[in-house]
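Chain residues, written in single-letter form:
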Amino acid sequence: MSKKFSSFDRLKFSEQPLPELGDGEVLDKQNVIPGLDGAGTVVAIGKQVSRFQPGDKTFEPSTGGILDSTLRTYGAFNKHALVRAPSTLTAREASTLPCAALTACNALYGSLDHVVKAGQWVLVQGTGGVSIFALQFAKAGARVIATTASPSKVEALKQLGADHVISYKEAHRIEAIRMCGVITIVGFLAGRSGDNETSFQRCLAKMFTLRPVFAGSRVQLEEMIEAVEAHPEVLREGVWAGGASGGV
Ligand SMILES: NC(=O)c1ccc[n+]([C@@H]2O[C@H](COP(=O)([O-])OP(=O)(O)OC[C@H]3O[C@@H](n4cnc5c(N)ncnc54)[C@H](OP(=O)(O)O)[C@@H]3O)[C@@H](O)[C@H]2O)c1
């Protein structure tokens, strides 16, 4: 694999020997590889591994970009990096969860001071994987405004539970937030600078909290899996029908 991570064009296919297994590592055969994430089956375990057995279904929280990740048939992963896959999902479905779904779950429920509560409003930006998971998780009790620039996606968003759908081109985000609300930063869909840049002065005026989220911890992922297993209806068919990353 190329050492440059900037685009898929730079990937080069090659055959490598199976990795040598360290005492604390798990050899995983990848069943589904949407990219950063993956879902696999345990093939062998190191001497110091008790959390997994050969045959267990797993997935790898997003290690891509920093460590060798999932774009390979077999991988030796640190035992702490793997998580048991939900029993109620196929490998394809499970492989969508570690990055986009975990990021959405962390954004909504990961900070004890700012857990989204029933009856509150959540606004999700665009129709990418993170937003679509956030829409569905939030509908466990909150009300959701979804945003898109694509009129053709409005109906799909409503079917996924959006209470209102508006164009993000018409809504001014900072003005839309309630006093003492929370903005979660997960990415920069609109670019990294410009008129929409949030200044500390604007934070002060609305007294809102800016909370950056970077995916989530293994514990958060395990808690999310338990919730998904207990309430399979929360994630509707549309998430997985939309493709590996879950976007509409
Ligand atoms: N922090 C983390 O841990 C983490 C994890 C995953 C992703 N991310 C980041 O989060 C962002 C979303 O990821 P994703 O995979 O869900 O993205 P994605 O699938 O690439 O989302 C693309 C969608 O975003 C919408 N969009 C485009 N320009 C926009 C704008 N100016 N304002 C609002 N929405 C806009 C569009 O929706 P419509 O087509 O409906 O208009 C588009 O379909 C990315 O920046 C990604 O790098 C961060």
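No experiment lies behind these values; they were computed from the predicted model shown. (Residues numbered from 1 in each chain as written. Predicted model: local features only at pLDDT ≥ 70, side-chain atom pairs only at ≥ 80, totals over all residues. Heavy atoms only, no water.)

**Overview of the side chain of Lys-206**
Link 1 in the chain: Looking at where Lys-206 falls in the secondary structure, it is placed in helix H6 (residues 200-206).
Link 2 in the chain: A relative accessible area of 18% places Lys-206 in the buried class.
Link 3 in the chain: Not counting chain neighbours up to four residues away, the residues in contact with Lys-206 comprise Ile-174, Glu-175, Ile-177, Arg-178, Met-179 and Cys-180. (Helix = DSSP H or I, 4+ residues; strand = E, 2+ residues; numbered from the N terminus. Buried < 20%, exposed > 50% of the residue type's maximum accessible area, 1.4 Å probe, protein only. Contact = heavy atoms within 4.5 Å.)

**Concerning unusual backbone geometry**
Link 1 in the chain: The phi angle at Met-207 is positive, at roughly 55 degrees, despite the residue not being glycine.
Link 2 in the chain: Phi is positive for Ala-215, which is not a glycine, with a value near 45 degrees.
Link 3 in the chain: In this fold, Ala-215 is placed in the loop between strand E10 (209-212) and helix H7 (218-230).

**Let's talk about the environment of Ile-132**
Link 1 in the chain: By the element assignment, Ile-132 lies in helix H3 (residues 129-138).
Link 2 in the chain: Distance from Ile-132 to Leu-235, taken between C-alpha atoms, is 9.6 Å for residues 103 residues apart in sequence.

**Regarding the nonpolar core**
Link 1 in the chain: Grouped together as the largest cluster of nonpolar side chains are 34 residues, with contacts concentrated most on Phe-59, Leu-97, Val-122, Phe-133, Leu-135, Phe-137 and Met-224.
Link 2 in the chain: Taken together, the elements giving at least two residues each to this core come down to helix H2 (97-109), strand E6 (121-124), H3, strand E7 (143-147) and H7.
Link 3 in the chain: The dominant element in this core, judged by the number of residues it contributes, is H2, at 7 residues.
Link 4 in the chain: Each of domain 1 (8-94) and domain 2 (99-241) contributes no fewer than three residues to this core.
Link 5 in the chain: In this view, Leu-135 contacts Val-124, Val-144, Leu-157, Leu-160, Gly-161 and Ala-162; residues no more than four positions away in its chain are not counted.
Link 6 in the chain: The next biggest cluster of nonpolar side chains, apart from the first, holds 6 residues, and it includes Val-42, Val-49, Phe-52 and Phe-77. (Core = buried A, V, L, I, M, F, W, Y, C linked by side-chain atoms within 4.5 Å. Domains from an automatic or database assignment.)

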